[in-house]
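# Structural characterization, general
Read off the chains here:
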Amino acid sequence: MSLLEVDGLSAGYGDLKVLTDVDMHVNHGEYVTIVGPNGAGKSTMMKSVFGLTDRMDGTVAFDETEITTMDPEEIIHEGIGYVPQTDNVFPPLSVRENLEMGAYILDQVPEDTFEDVYERFPVLRERAAQKAGTLSGGQQQMLAMGRALMLDPELLLLDEPSAGLAPDLVEEMFERIDRIVESGTAVLMVEQNAKAALRHCDRGYVLVNGKNRYADTGDALLSDEQVRKDFLGG
């Protein structure tokens, strides 16, 4: 069975249905990207996996355990980390304090856990005592990912990790995500920079109006003439 299995999911906010009968899966150690036009339901899909929307139908299972009705606090314990697009660091806290918040469910955080994150993102070691709100946009994104990795999740959910980054930092961010996957953590990512995301991922899903439109390998979606025309700018 897949690590993450989403079957016939309909979800939204209150009475507003955003997703309709969506199917999606992520295998162990796989890198999967969700792309599509603005308003397609990409971020809602991510939030629905993490228990942040109203699920109206369908199921979400993680590592053979159904998590459809679980709250985010319970889902974290199951082994899923989540990095939202905005407001993803605590500005008044130091870098190290932000990382500690990522492991708040532990009574004591082993120093090795900090070292693992610092090895992935060396700049965080250099700025461990600096307040998160004074970091650059790229550094804050690295901190948000580092915090989500403090519990060594099996699956990392990333919502628009390149949003707001300077163009010369976007490729660096994708390369860092590549290394996270190479270390054994599966990634499910929502990304507006569709071409770059599909070049890096194993598989991709195209959502349109809250529904599945295409699903294939990243390379196949990039080379599909209709996908390129409709969603990738030709």
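Below is a short write-up of the structure. Remember, it's a predicted structure, so these values are computed and weren't measured experimentally.

### Overview of the packing of helix 6 (residues 137-148) against helix 7 (residues 167-182)
At their nearest, the axes of helix 6 and helix 7 sit 12 Å apart, and the two run at 15 degrees to each other. In terms of axis orientation, helix 6 runs roughly parallel to helix 7. Like other packed secondary-structure pairs, helix 6 and helix 7 cross with a definite hand, here right-handed. Between helix 6 and helix 7, the residues in contact are Gly138, Gln141, Met142 and Met145 and Met173, Arg176, Ile177 and Ile180, respectively. Split by residue class, the contact of helix 6 with helix 7 holds 5 nonpolar, 2 polar and 1 charged.

### Structural notes on the sheet that holds strand 4 (residues 54-62)
Strand order in this open sheet of 4 strands is 2-1-4-5, and the pairing throughout is antiparallel. Every interior strand has two partners, whereas the edge strands, strand 2 (16-26) and strand 5 (65-66), have only one. Across 7 bridges, the pairing between strand 1 (residues 4-13) and strand 2 is antiparallel. Directly across from tyrosine 13, in strand 2, lies its bridge partner leucine 16.

Quick notes on the rules
- Residues numbered from 1 in each chain as written.
- Predicted model: local features only at pLDDT ≥ 70, side-chain atom pairs only at ≥ 80, totals over all residues.
- Heavy atoms only, no water.
- Axes fitted to C-alpha atoms, helices over the stretch in contact; angles between N-to-C directions.
- Helix = DSSP H or I, 4+ residues; strand = E, 2+ residues; numbered from the N terminus.
- Parallel < 35°, antiparallel > 145°, perpendicular 65-115°, else oblique.
- Left-handed = near helix turned anticlockwise from the far one by under 90°.
- Contact = heavy atoms within 4.5 Å.
- Nonpolar A, V, L, I, M, F, W, Y, C, P; charged D, E, K, R; others polar.
- Pairing = 2+ DSSP bridges.

So, to be careful, I would describe these as geometric facts and stop short of saying anything about function.
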